[in-house]
Amino acid sequence: MHRHSRLAHLALIVHRGDWSWDSGFISVTHTPPIRELLKDLFMFSTEPVWPIFFRDSDPICISWHWGLEHSCPALCGRGQSGSTDTTVMGVMKVKQPPAFVAILPSDMPPRGSLYPGLEPPSPRQTHFPSGISERKRSWLAVMVGVLLGARPSACGDLSGSRPNILLLMADDFGIGDIGCYGNNSIRQGCENHSSGLPTKTPVTMDLALHTTPNIDRLAEDGVMLTQHIAAASVCTPSRAAFLTGRYPLRSGMVSSNGYRVLQWTGVSGGLSTNEITFAKILKDRGYATGLIGKWHLGLNCESSSDHCHHPLNHGFDHFYGMPFSMMGDCIHWELSEKRAGMEHKLNVCFQIMAFAALTLTAGKLTHLTSGSWTPVVWSTVAATLLFVTSYSIGVLIVHADCFLMRNRTITEQPMHFQRTTSLLLKEVSSFVQRNKHRPFLLFVSFLHVHTPLITTEKFRGKSAHGLYGDNTEEMDWMVGQILDTLDMEGLTNSTLVYFTSDHGGSLEAQLGKEQYGGWNGIYKGGKGMGGWEGGIRVPGIFRWPGVLQAGRVIHEPTSLMDVFPTVVQLGGGEVPQDRVIDGRDLLPLLLGTAQHSAHEFLLHYCENLLHAARWRQRDGGRLWKVHYTTPLFHPEGAGACYGRGVCPCSGDQVAHHDPPLLFDLSRDPSEAHALTPDTEPSFYHVMDTVARAVEEHCRTLIPVPLQLDTLGNIWRPWLQPCCGQFPLCWCDREGDPR
């Protein structure tokens, strides 16, 4: 029996004046009053008891242990932290450092919380051992009662002490573009965790291409996930999965015919209101909910103002941003998503129609044909319309898709891009200030670093990595501005901050020798590639001062879908039981109370087709990846589908593997060496295990309409949002934010 077992019903009060800083934690000093108090309470006069705390104003995680001469890591959870004689006691959330701090025994009955055992016991359950004077017992009992009665919240009792939640999502951001995720050219001495194996790699500052100090600071102050996986390698399905915690196939947010994402604002496809987002649940739990930035999950169904897919119909109280997405066509850029292709098709049609009109006219003038001039007139009119449309389609796209909305009102059509960054930051600050006295959920969905890499003059030319580096540095600066807003409002310690990207960087975003897409580090492939790591492995950083241990790195498979159950339970909500939720609560992993991911298997889709699957083998610790289908790179031997915009999911430009390709990501994270039955004894065992998991997954799928197929993804004039009389869509209700 441990010596501390006799202290099961004990509360120790520590004077505020008797603590000191020690390696980022506060520990009790060896002052005579403390030693005397310890002698009376613990009947132990020589070995100190060390309470472990986090910083001022943070949730205070309290533990105690015997006879240790150094501080051990404090965890917000039941369990051991570095010593068999160390037990986490409980958590109290305070706005100011308390005058007294209680160390609470872990084996007192909890009062019911989302994570049992974290909440301090009621003062009336606290008893003291015999031998302590009546006066001291009274004094201690009063102080415990005051402390716990006046400050009853606990980081485990999330219904009474719910954090603000700030979710930051970059667009098309490569995991290799962040310092501690593998960009060793960023800053000296940064730990490289991209491979899952931390190594110190000294570099020289002179080699820096671009810097991400604010994102790196988040990682240093929080928890970093090295195997964080998007549910899709393109925007729309990945974001649908993020908001709902479900594979996008379950919500129909995929296609089967090559339309990988929503193609226009004026289409009928989008996230169905039958889907439940984390914003809906937290709104019902009293949170203020806001979305600022990119949406790209649909807008209208039957008219230009029904807003059936609007963020406000998915649980957000407030929306400001683009209902569609930033794209090269917004500034008539050379790298075009749809304008260039449409212009080419229109020009071909124009040439055919013009040739027909000229042929008919020549026939009439030479009397080689007889009959009415009507075909000549109509073919000439058609040719003229096609010619005009081909030269004006770029302007039409800019007005149709590149505009800003505040809630249900268009405020700027088309956008004035040099002030967009200022407008978005101003909106973030305003939302935080309006809601700082209540719990809030704010999803900041950056327009950076998607092409065309709109960058303000302040950052243009700042990076040695060209326009992409400039845009990256500006986004990092925006992250810093948002974090500063939390600091200024005194909300840093009560806010869970999360940073990620919707998928990997775009390798095909290239003009000549200039690269305008992200770098995915050591990982193969990129945006649009359903199974290769480069398209789906994304940054995952969580910061919650005083609750999540700073500097922790987790090498376990996790998913963007995991954010759904995590924030729902943090906000005091309940994960829906009437549907399959594929995400898993991350909090035990983040707190350190769980050592392994709740995911044994993760599946990787490209459109509605399963391209790959991974298996985290629990007994052996190995991470297997099985590829059923992979894209054929172009040109042969390249690492992407250059010249094609994005790699396809099906057809003659993909390879089907029988037997499937097998990689051991725990040893080969770059997926460079496919294993065979000759080189891997477990080959058939792995294949059979993954095949059974895929079959089990398929049995949970329920057919739903695919929102991104042709019927839901073709432009319809009557669905086009317009702040004027269509097609004269123009307005500017923003003015200059300066």
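Please read all numbers here as calculations on a predicted model, not as lab measurements.

Procedures and definitions
- Numbers given for residues are sequential positions, taken from 1 along each chain in its written order.
- With the structure being a predicted model, the display of local features is reserved for residues of pLDDT at least 70 and the display and counting of side-chain atom pairs for 80 or more, all residues being used for whole-chain, interface and lining totals.
- Each side-chain value is derived from all of the structure's non-hydrogen atoms; neither hydrogens nor water enter the calculation.
- Per the convention used, a helix needs a DSSP run of H or I reaching at least four residues, while a strand needs a run of E reaching at least two, with both numbered from the N terminus.
- In this description, accessible areas are obtained by the Shrake-Rupley approach with a 1.4 Å probe, and a residue is regarded as covered only by the protein chains that are shown.
- Definition of nonpolar core: a set of buried residues of the types Ala, Val, Leu, Ile, Met, Phe, Trp, Tyr and Cys, connected through side-chain atoms within 4.5 Å.
- A 1.4 Å probe rolled over the protein chains alone gives each residue an accessible area, and that area as a share of the maximum for its type sets the label: buried under 20%, exposed over 50%, partly exposed in between.
- Here, two residues are considered to be in contact whenever any of their heavy atoms come within 4.5 Å of each other.
- A residue's pLDDT is simply how confident the predictor is in it, with values from 0 to 100.
- Strand pairing is defined by DSSP finding a minimum of two bridges between the two strands.
- The axes are straight lines fitted to the C-alpha atoms, using for helices just the contacting stretch, and the angles between their N-to-C directions are given from 0 to 180°.
- Note that patches include only residues with greater than 30% relative accessible area and no salt bridge, and the join distances are 9 Å for like charges and 5 Å for nonpolar side chains (Val, Leu, Ile, Met, Phe, Trp, Tyr).
- Any Lys or Arg side-chain nitrogen found within 4 Å of a carboxyl oxygen on Asp or Glu counts as a salt bridge.
- The aromatic pairing rule takes the rings of Phe, Tyr and Trp, using the six-membered ring of Trp, and pairs them if the centres are within 6.5 Å, calling planes under 30 degrees apart stacked, those over 60 edge-to-face and the rest tilted.
- In this analysis the charged atom, NZ for Lys or CZ for Arg, is taken to sit over a ring once it is within 6 Å of the ring centre and within 35 degrees of the ring normal.
- By this rule, a helix spans an expected 1.5 Å times one less than how many residues it contains.
- In protein, a polar contact requires one atom able to donate a hydrogen and another able to accept it; more generally it is a pair of N or O atoms within 3.5 Å, and residues adjacent in sequence count only if both atoms are side-chain atoms.
- The term disulfide is used for any two cysteine sulfur atoms that are within 2.5 Å.

1. Quick notes on the overall build of the protein
So, point 1. Looking only at helices and strands, the protein has 14 helices and 25 strands in total.
So, point 2. Only carbon and sulfur atoms are counted for the fraction: they give 56% of the accessible area of the protein, which is about 29,700 Å².

2. As for the nonpolar core
So, point 1. Within the largest apolar cluster, 62 residues are counted, with the highest numbers of intra-cluster contacts made by Leu168, Phe173, Leu442, Phe446 and Phe499.
So, point 2. Here this core takes eight residues from helix H10 (residues 466-488), the largest share from any one element.
So, point 3. Not counting residues up to four positions away in its chain, the partners in contact with Phe499 are Leu168, Ala170, Phe173, Ile178, Ile215, Leu218, Phe446, Met475, Val479, Pro539, Gly540 and Ile541.
So, point 4. Listed in part, the 51 residues of the second largest apolar core include Ile165, Trp544, Ile554 and Val575.

3. Quick look at the confidence of the model for the protein
So, point 1. Overall, the prediction assigns the protein a mean pLDDT of 80, with 74% of residues at 70 or greater.
So, point 2. Across residues 1-160, confidence stays below pLDDT 50; counting only partners more than four residues off in sequence or on other chains, it has 315 contacts.
So, point 3. Note on residues 186-208: pLDDT is under 50 here. Beyond four places in sequence and across chains, it has 58 contacts.

4. Quick word on the sheet that holds strand E21 (residues 601-606)
So, point 1. With antiparallel pairing, the four strands of this open sheet are ordered in space as E21-E22-E23-E24. Every other strand in the sheet has two partners, leaving E21 and strand E24 (654-664) as the edge strands with one partner each. Strand-to-strand, the axes of this sheet are offset by a mean angle of 15 degrees, without reference to chain direction.
So, point 2. Two strands pair when backbone bridges link them, and E21 and strand E22 (residues 609-616) are joined in this way by six bridges, in the antiparallel orientation. Of the residues in E22, the one forming a bridge with Leu603 is Ala613.

5. Here's the deal with a nonpolar patch on the surface
So, point 1. On the surface, a nonpolar cluster with roughly 650 Å² of combined accessible area is contributed by Leu365, Trp373, Val377, Trp378, Val381 and Leu385.
So, point 2. Here the nonpolar patch takes four residues from helix H8 (residues 374-401), the largest share from any one element.
So, point 3. Summarising the element assignment, Leu385 is placed in helix H8.
So, point 4. On the basis of relative accessible area, Leu385 is assigned to the exposed category, the value being 53%.

6. Some details on the pairing of strand E16 (residues 495-501)
So, point 1. Burial analysis of E16 places seven of its seven residues in the buried class, the great majority of the element.
So, point 2. Alternating positions in E16 separate into two faces, Thr495, Val497, Phe499 and Ser501 on one and Leu496, Tyr498 and Thr500 on the other, with burial throughout.
So, point 3. Pairing analysis gives seven bridges linking strand E7 (residues 164-170) to E16, with the strands arranged parallel. When the sheet's bridge partners are listed, Ile165 is paired in E16 with Leu496.
So, point 4. Summarising the sheet, E16 and strand E19 (residues 537-543) pair through four bridges and their orientation is antiparallel.

7. Here's the deal with the pattern of salt bridges
So, point 1. Inspection of every chain in the model, using the stated rule, returns 24 salt bridges.
So, point 2. A salt bridge links Asp578 to Arg579; the nearest nitrogen and oxygen atoms lie 3.0 Å apart.
So, point 3. Its relative accessible area of 58% is what places Asp578 among the exposed residues.
So, point 4. You can call Arg579 partly exposed: its relative accessible area is 24%.
So, point 5. Linking Asp664 and Arg667 is a salt bridge whose minimum nitrogen-to-oxygen distance equals 3.6 Å.

8. Brief notes about the environment of Thr710
So, point 1. Positionally, Thr710 belongs in the loop between helix H14 (683-698) and strand E25 (731-732).
So, point 2. A sequence separation of 451 residues divides Thr710 from Tyr259, and the C-alpha atoms of the two residues are 7.5 Å apart.
So, point 3. Setting aside chain neighbours within four positions, we find Thr710 in contact with Asn257 and Tyr259.

9. Focus: the packing of aromatic side chains
So, point 1. Considering all chains together, one arrives at 16 aromatic pairs under this definition.
So, point 2. With a centroid separation of 5.0 Å and 75 degrees between ring planes, the pair formed by Trp333 and Tyr516 is classed as edge-to-face. Remark: Tyr516 occurs in the loop between strand E18 (514-515) and helix H11 (533-536) and Trp333 occurs in the loop between strand E12 (318-322) and helix H7 (339-365); sequence separation between them is 183 residues. Residues Trp333 and Tyr516 agree in their burial class; the two are buried.
So, point 3. Between Phe459 and Trp477 the ring centres are 5.5 Å apart and the planes differ by 50 degrees, which places this aromatic pair in the tilted class. Note that Phe459 is positioned in the loop between strand E15 (440-445) and H10 and Trp477 in helix H10, a separation of 18 residues in sequence.
So, point 4. Each member of the aromatic cluster is reached from another via a ring pair, and the members are Phe242, Phe278, Phe443, Tyr498 and Phe542.
So, point 5. Looking at Lys338, its charged tip hangs above the ring of Trp264, at a distance of 3.6 Å from the centre.

10. Here we look at H10
Since one α-helical turn is 3.6 residues long, residues separated by three or four positions face the same way.
So, point 1. Spanning 23 residues, H10 covers 33 Å between terminal C-alpha atoms, matching the ideal 33 Å at 1.5 Å per step.
So, point 2. Of all 23 residues making up H10, 17 are buried, and the element is well covered by its neighbours.
So, point 3. In the segment just after H10, Gly490 is the residue with positive phi, at about 70 degrees.

11. Some thoughts on the sheet that holds strand E10 (residues 223-229)
So, point 1. In space, the eleven strands of this open sheet follow the order E20-E10-E19-E16-E7-E15-E11-E12-E13-E14-E25, with mixed pairing throughout. If you trace the sheet from one side to the other, it starts and ends with strand E20 (552-559) and E25, each paired once.
So, point 2. With five bridges joining them, E7 and E15 adopt parallel strand pairing. The residue of E15 that forms the bridge with Met169 is Ser445.
So, point 3. Across the sheet, helix H9 (residues 420-434) is in contact with strand E11 (288-294), E12, strand E13 (404-406), strand E14 (409-413) and E15; its angle to E11 comes to roughly 175 degrees.

12. Concerning the side chain of Asp329
So, point 1. One can find Asp329 in the loop between E12 and H7.
So, point 2. Residue Asp329 is classed as buried on the basis of its relative accessible area, which comes to 0%.
So, point 3. Among the polar contacts listed, one links the side chain of Asp329 to the backbone nitrogen of Arg339, at a separation of 3.1 Å.
So, point 4. Excluding its chain neighbours within four sequence positions, the residues that come into contact with Asp329 are Ser336, Glu337, Lys338, Arg339, Ile397 and Val398.

13. Some remarks on helix H12 (residues 563-570)
So, point 1. Counting buried residues in H12 gives seven out of eight residues, a clear majority hidden from the surface.
So, point 2. Residues of H12 that are buried: Val563, Phe564, Pro565, Thr566, Val567, Val568 and Leu570.
So, point 3. Once H12 ends, the next one or two residues include Gly572, with phi positive near 85 degrees.

14. A word on the state of the cysteines
So, point 1. Following the criterion strictly, the structure yields six disulfides and no others.
So, point 2. Here Cys330 engages in a disulfide with Cys402; their sulfurs sit 2.1 Å apart. Disulfide Cys330-Cys402: the torsion about the S-S bond is -85 degrees, which places it as left-handed. Of this pair, Cys330 sits in the loop between E12 and H7 while Cys402 sits in the loop between H8 and E13, and the two are 72 residues apart along the sequence.
So, point 3. When its relative accessible area of 4% is taken as the criterion, Cys330 is described as buried.
So, point 4. For Cys402, a relative accessible area of 0% translates into the label buried.

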